[in-house]
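Close look at the chain arrangement
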Amino acid sequence: MAGYEDPRLLQAKAMPIVEVIDRLGIAGLRATGGERVGPCPLCGGRDRFGINLRTNAFLCRRCGIKGGDQVALVQEVLSVDFRGALQWLCGDAPASIDPKELERRRRKAAEAERRQREASERYRRQAIADAQSIWSRSRPGAEGVVRAYLMARGITPDLYPNISPALRFIAAHPYVKKVGGALETLHRGPCMVAGILSPGGEIVAVHQTWVDAEPPHGKARITWGGETISAKLVRGSKKGNAIRLHVEPGSRTLVMAEGIETTLSALVADAVPGASYWAGVDLGNMGGKQERVDGTRNSGVPDMSDGEAFVPPPWVERLIFIQDGDSDPRATRAKLVSGLKRAMALRPGLKGQIVHAGHGVDLNDVLNGACKGLEPGADD
Ligand SMILES: [Zn+2]
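Quick notes on the rules
Residues numbered from 1 in each chain as written. Predicted model: local features only at pLDDT ≥ 70, side-chain atom pairs only at ≥ 80, totals over all residues. Heavy atoms only, no water. Helix = DSSP H or I, 4+ residues; strand = E, 2+ residues; numbered from the N terminus. Expected span 1.5 Å × (residues − 1). Buried < 20%, exposed > 50% of the residue type's maximum accessible area, 1.4 Å probe, protein only. Contact = heavy atoms within 4.5 Å. Pairing = 2+ DSSP bridges. Axes fitted to C-alpha atoms, helices over the stretch in contact; angles between N-to-C directions. Phe/Tyr/Trp six-rings, centres within 6.5 Å; stacked < 30°, edge-to-face > 60°. Donors = N, O, S within 2.8 Å, 3.2 Å for Na, K, Ca; no water. Tetrahedral: all angles 85-135°; square planar, octahedral: opposite > 155°, others 65-115°. Domains from an automatic or database assignment. Buried area = accessible area lost by both parts, 1.4 Å probe. Salt bridge = Lys/Arg side-chain N within 4 Å of Asp/Glu carboxyl O. Polar contact = N/O pair within 3.5 Å; in protein donor to acceptor, adjacent residues only side chain to side chain.

**Digging into helix H9 (residues 329–346)**
Between its terminal C-alpha atoms H9 stretches 26 Å, which fits the 26 Å expected from 18 residues at 1.5 Å a residue. Residues Ala331, Thr332, Arg333, Ala334, Leu336, Val337, Ser338, Gly339, Leu340, Arg342 and Ala343 constitute the buried set of H9. Turning to H9, the residues buried within the fold contact helix H8 (283–287), strand S16 (318–323) and strand S17 (351–356).

Dropping the structure here:
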């Protein structure tokens, strides 16, 4: 850990995160429990950005900036590198420092880190317990609203006769959000619940899609403060995990898209006969952490120190990521490339492939086409 040789890192990590928020001029955040939530300093909005004051973890649900400490927050908001962030937080590196003072700062920073790790671990355990409780209350998808919702999304019973055991439902499920420090139920209604499994096969998170109780049973319209908010929520620990929509016995190919609907569309098109089809929940999960290259966050180069990123199971010999139509195709592609390169590095012999579902191209034609190069931003 060469970074620890710079005493400014210890100084930075001992700074209260609220102080850093103020110095960065991040405005409009509201205190809700142990968090500050509000507009993203990079992409705006209303409540898409949050910082946990105990763990220092921050995340924007739209542009994807995230990190876990003071230095990372400065890096992301000011778009500077690690050294630039330290310089901004603590000034010039001191020429020399008293070893006793260095030791004191080291202990202080280690203690602060330990407390943050413990807090994160407590939240993670609680989130997993919540997810398992939701899952235990859900019923098989074939008995309820799942069929209606899938039909509304064009996945009809003739195409998809047997609903996956990964898809269940709850008839009157509360949509709970933290508002002003307290949990508030913003909506209650039928909800499709998808189980997110750890590599070991344990339910560790649920993906919830609230469904409109009225025909044609599309996504529910949920509003908060006059704004329509996402009808989908994940509860639990999704990192490294997936929704196993279809597991084909003996298959050697895994097809993965971010969302449930896209993954099912590929499945019902029988895009790759004999393949298994999993949903990766979100692109950040499929791609894992990336190395910053020339200041670029979405470099397409996996950060192999990310031990929690998704890695396909050992039976996978061919991993196909489906790239959805997206407002930022370059960033999307970089995330997928990062995930494939990680998988290929950790599973020697594995073949990785990205297929693009957009531009009106039939998925089946694309999937049967030649293997694309694995360069971020490569032209489709
Ligand atoms: Zn943002």
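Okay, back to it.
**A word on the sheet that holds strand S13 (residues 243–246)**
Here 5 strands make up an open sheet; going across it, the order is S13-S15-S14-S16-S17 and the pairing mixed. The sheet is open, and its two borders are formed by S13 and S17, each paired with just one other strand. Neighbour to neighbour, the strand axes of the sheet diverge by 25° on average, direction disregarded. In this structure, S13 lies alongside strand S15 (residues 276–279), joined through 3 bridges in antiparallel fashion. Bridged to isoleucine 243 within S15 is alanine 279. The sheet contacts of helix H7 (residues 260–268) involve S13, strand S14 (253–257), S15 and S16, and relative to S15 the element is tilted by about 170°. The sheet strands contacting H9 are S16 and S17, and the helix crosses S16 at an angle near 170°.

**Examining the packing of aromatic side chains**
Applying the stated criterion across every chain, the model contains 3 aromatic pairs. Plain terms: the ring middles of tyrosine 175 and tryptophan 210 are 4.7 Å apart, the flat faces sit at 65° to each other, and that makes the pair edge-to-face. A residue pair is termed long-range when its members are at least 10 positions apart, and tyrosine 175 in strand S7 (residues 167–179) and tryptophan 210 in strand S9 (residues 203–210) qualify at 35 residues. The burial state of tyrosine 175 is the same as that of tryptophan 210; both residues are buried. Ring centres of tryptophan 278 and tryptophan 315 lie 6.0 Å apart, and the angle between their planes is 80°; on these two criteria the pair is classed as edge-to-face.

**Some points on the coordination of the zinc ion**
Bound to the zinc ion are the protein donor atoms Cys40 (SG), Cys43 (SG), Cys60 (SG) and Cys63 (SG), situated 2.3 Å from the metal. Classification of the site at the zinc ion as tetrahedral follows from its 4 donor atoms and the range of 103 to 115° in their angles at the metal. Read N to C, the donor residues that coordinate the zinc ion are spaced as C-x2-C-x16-C-x2-C. Judged by relative accessible area, which is 1%, cysteine 60 ranks as buried.

**Some details on the domain arrangement of the chain**
On domain assignment, one finds that the chain holds domain 1 (2–113), domain 2 (139–236) and domain 3 (243–367). Relative placement of domain 2 and domain 3: their C-alpha centres are 23 Å apart. Domain 2 puts 20 residues into the contact, and the matching count from domain 3 is 10 residues. In total, about 1,200 Å² of surface goes out of reach between domain 2 and domain 3, with carbon and sulfur atoms giving 72% of it. Counting across the interface, domain 2 meets domain 3 through 2 salt bridges. Between lysine 232 and glutamate 261 there is a salt bridge, with its nearest N and O atoms 3.1 Å apart. In this assembly, domain 2 and domain 3 are joined by 5 residue pairs in polar contact (both at pLDDT 80 or more). Of all the secondary structure elements, the ones that give two or more residues to the side of domain 2 that touches domain 3 are helix H6 (145–152), strand S8 (182–197) and strand S12 (232–236).

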